[in-house]
Amino acid sequence: MTGRQALWMATLGSLFMIAGALAFQYIGGLPPCKMCYWQRYPHIIAIAIGALALALSNRALIMAGAFAALITSTIGFYHAGVEQGFWEGPTTCTSQPIGGLTTDELFDQIMSAPVVRCDEIPWEMLGLSMAAWNGVLSFGLFILWCLALRRP
């Protein structure tokens, strides 16, 4: 595989990841949580960087694309850890302890809670959640970006 082929595959990979996320959201009826959105942004940036890198053949752009893929992979693995309860996620999208709360405080917590929580797994395949799959597949895209750095 040439560097240019790897660049095409990495760019299209992020495009397919965004298309898949939108399909899950709008066709599958699975609305994203806050952290799901965080995972989308680097893919969108990688698509733009990939298009520029294909047009300009700039190594700095390819490195930036690799960095974007690595960021979304890291966010995906972090999100998967939140879903599994390995660590706490942002308090704005996970459940909070209710011990010691008054009825009014509990009501306020419920009313201010987001609709979609980051610490629940809405879908999984082969034991991996969507966030974990994003982590794995995006790391593969990171490797493709790195392969794209090779000279032709």
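Everything numeric in this text was worked out from a predicted model, so none of it was measured.

Criteria and cut-off values
Residues numbered from 1 in each chain as written. Predicted model: local features only at pLDDT ≥ 70, side-chain atom pairs only at ≥ 80, totals over all residues. Heavy atoms only, no water. Disulfide = S-S within 2.5 Å. Buried < 20%, exposed > 50% of the residue type's maximum accessible area, 1.4 Å probe, protein only. Helix = DSSP H or I, 4+ residues; strand = E, 2+ residues; numbered from the N terminus. Expected span 1.5 Å × (residues − 1). Contact = heavy atoms within 4.5 Å. Axes fitted to C-alpha atoms, helices over the stretch in contact; angles between N-to-C directions. Parallel < 35°, antiparallel > 145°, perpendicular 65-115°, else oblique. Left-handed = near helix turned anticlockwise from the far one by under 90°. Nonpolar A, V, L, I, M, F, W, Y, C, P; charged D, E, K, R; others polar. Patch = residues over 30% accessible without salt bridge, like charges linked within 9 Å, V, L, I, M, F, W, Y side chains within 5 Å. Areas by Shrake-Rupley, 256 points an atom, 1.4 Å probe, with all protein chains shown as cover. Salt bridge = Lys/Arg side-chain N within 4 Å of Asp/Glu carboxyl O.

1. Some thoughts on the state of the cysteines
All chains considered together, the criterion is met by zero disulfides. A disulfide-free cysteine, Cys36 has its sulfur positioned 3.4 Å from the sulfur of Cys33, the nearest such atom. The partly exposed category is assigned to Cys36, whose relative accessible area is 23%.

2. Concerning helix 5 (residues 130–148)
Between its terminal C-alpha atoms helix 5 stretches 26 Å, which fits the 27 Å expected from 19 residues at 1.5 Å a residue. When helix 5 is considered as a whole, its buried residues turn out to be Ala131, Ala132, Trp133, Asn134, Gly135, Ser138, Leu141, Phe142, Leu144, Trp145 and Ala148. Close packing links the buried residues of helix 5 with helix 1 (3–26), helix 2 (34–56), helix 3 (59–84), strand 1 (124–125) and strand 2 (128–129).

3. A look at the environment of Phe16
Within the fold, Phe16 resides in helix 1. For Phe16, a relative accessible area of 58% puts it in the exposed group. Through-space distance from the C-alpha of Phe16 to that of His43 is 9.5 Å; in sequence the pair is 27 residues apart.

4. Some words on helix 2
Here helix 2 spans 34 Å end to end across 23 residues, near enough to the 33 Å set by a 1.5 Å rise per residue. Burial in helix 2 covers these residues: Met35, Gln39, Arg40, Pro42, His43, Ala46, Ile49, Gly50, Ala53 and Leu54. Here the buried face of helix 2 lies against helix 1, helix 3 and helix 5. One or two steps after helix 2, the chain reaches Ser57, where phi turns positive at roughly 50 degrees.

5. Focus on the packing of helix 3 against helix 5
Across the interface, helix 3 lies against helix 5 with an axial gap of 7 Å and an inter-helix angle of 160 degrees. Here helix 3 lies roughly antiparallel to helix 5, going by the angle between them. As helix 3 packs across helix 5, the resulting crossing turns out to be left-handed. Residues belonging to the contact of helix 3 with helix 5 are distributed by class as follows: 16 nonpolar, eight polar and one charged.

6. Examining the side chain of His43
Secondary-structure assignment places His43 in helix 2. Judged by its relative accessible area of 3%, His43 is buried. Those residues in contact with His43, other than ones at most four positions away along the chain, are Ser14, Met17, Ile18, Thr72, Asn134, Ser138 and Leu141.

7. Describing a nonpolar patch on the surface
On the surface, a cluster of nonpolar side chains totalling about 410 Å² of accessible area is made up of Phe77, Val136, Leu137, Phe139 and Ile143. In terms of residues, the nonpolar patch owes the most to one element, helix 5, which gives four residues. Tracing the chain through its elements places Val136 in helix 5. The exposure class of Val136 is partly exposed, given its relative accessible area of 38%.

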